[in-house]
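# Residue-level structure breakdown
Below are the chains, spelled out letter by letter.
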Amino acid sequence: MNQVPDEGMVLVPGGSLLTKTPEEGRALALTLARHTIHNIQPDLDVLKGGRPNCSTTPGSLTAAAHVVAIEFQTIAAANNYWRS
């Protein structure tokens with residue numbers, strides 16, 4: 001099996017949801033979403049094999065955006081919406 005590298009399997013990179021800015025929070029949300037997919041499907045050949053379909057199917061793209069939005073919502077809450 002062509003396995004996702006170990007660094008791609010970490011569920012919370014850096015061990016924290018705290019970020020300095022909303023921009024960093026959004027970037028972390030994208031990373032968390034990717035890592036979630038890697039943990040669900042760690043075989044890179046299978047994962048990449050499905051990309052042509054997923055990357056051109058509106059429903060798949062909407063679902064992916066939804067996952068990122070949920071991750072961002074969680075990060076924003078953890079950061080008290082970046083308010084001091």
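In case you missed it, the structure is sitting above this.
Reference entry: report on the structure contained in this document. (Residues numbered from 1 in each chain as written. Predicted model: local features only at pLDDT ≥ 70, side-chain atom pairs only at ≥ 80, totals over all residues. Heavy atoms only, no water.)

### Things to note about the environment of Leu 32
Mapped onto the secondary structure, Leu 32 falls in helix H1 (residues 22–40). In sequence terms Leu 32 and Val 68 are 36 residues apart; their C-alpha atoms lie 7.9 Å from each other. Apart from the residues lying within four places of it in its own chain, the contact partners of Leu 32 are Leu 11, Val 12, Pro 13, Leu 17, Glu 71 and Ile 75. (Helix = DSSP H or I, 4+ residues; strand = E, 2+ residues; numbered from the N terminus. Contact = heavy atoms within 4.5 Å.)

### As for helix H3 (residues 58–78)
Counted at 1.5 Å a residue, the expected span for H3 with its 21 residues is 30 Å, and the 30 Å between its end C-alpha atoms agrees. Considered for burial, the residues of H3 that qualify are Val 68, Glu 71, Ile 75 and Ala 76. The buried side chains of H3 occupy one side of the element, clustering within an arc of 140° when seen end-on. Seen from the buried face of H3, the exposed residues on the opposite side, beyond 90 degrees, are Pro 58, Thr 62 and Gln 73. Those residues of H3 hidden inside the fold are in contact with H1. Of the residues flanking the end of H3, it is Asn 80, one or two places downstream, whose phi is positive at about 50°. (Expected span 1.5 Å × (residues − 1). Buried < 20%, exposed > 50% of the residue type's maximum accessible area, 1.4 Å probe, protein only. Arc of directions from axis to C-beta.)

### With respect to the environment of Pro 22
For Pro 22, the position within the fold is in helix H1. Put simply, Pro 22 and Ala 76 are 54 residues apart on the chain and 7.4 Å apart in space, counted from C-alpha to C-alpha. When near neighbours in sequence (up to four residues on either side) are disregarded, Pro 22 contacts Phe 72 and Trp 82.

### Here's the deal with the packing of H1 against H3
Contact geometry of H1 with H3 gives a least axis separation of 8 Å together with a crossing angle of 130°. In terms of orientation, H1 and H3 fall into the oblique class. Between H1 and H3 lies a crossing whose hand is right-handed. Each of Pro 22, Gly 25, Arg 26, Leu 28, Ala 29, Leu 30, Leu 32, Ala 33 and Thr 36 in H1 lies in contact with H3, whose residues at this interface are Val 67, Val 68, Ala 69, Glu 71, Phe 72 and Ile 75. (Axes fitted to C-alpha atoms, helices over the stretch in contact; angles between N-to-C directions. Parallel < 35°, antiparallel > 145°, perpendicular 65-115°, else oblique. Left-handed = near helix turned anticlockwise from the far one by under 90°.)

### Section: the nonpolar core
Counting residues in hydrophobic clusters, the biggest one holds 6 residues: Leu 28, Ala 29, Leu 32, Ala 33, Val 68 and Ile 75. For this core, the secondary-structure elements that each account for two or more residues are H1 and H3. Residue contributions to this core peak at 4 residues, all from H1. Not counting the four nearest positions on each side in its chain, Ala 33 is found in contact with Val 67, Val 68 and Glu 71. (Core = buried A, V, L, I, M, F, W, Y, C linked by side-chain atoms within 4.5 Å.)

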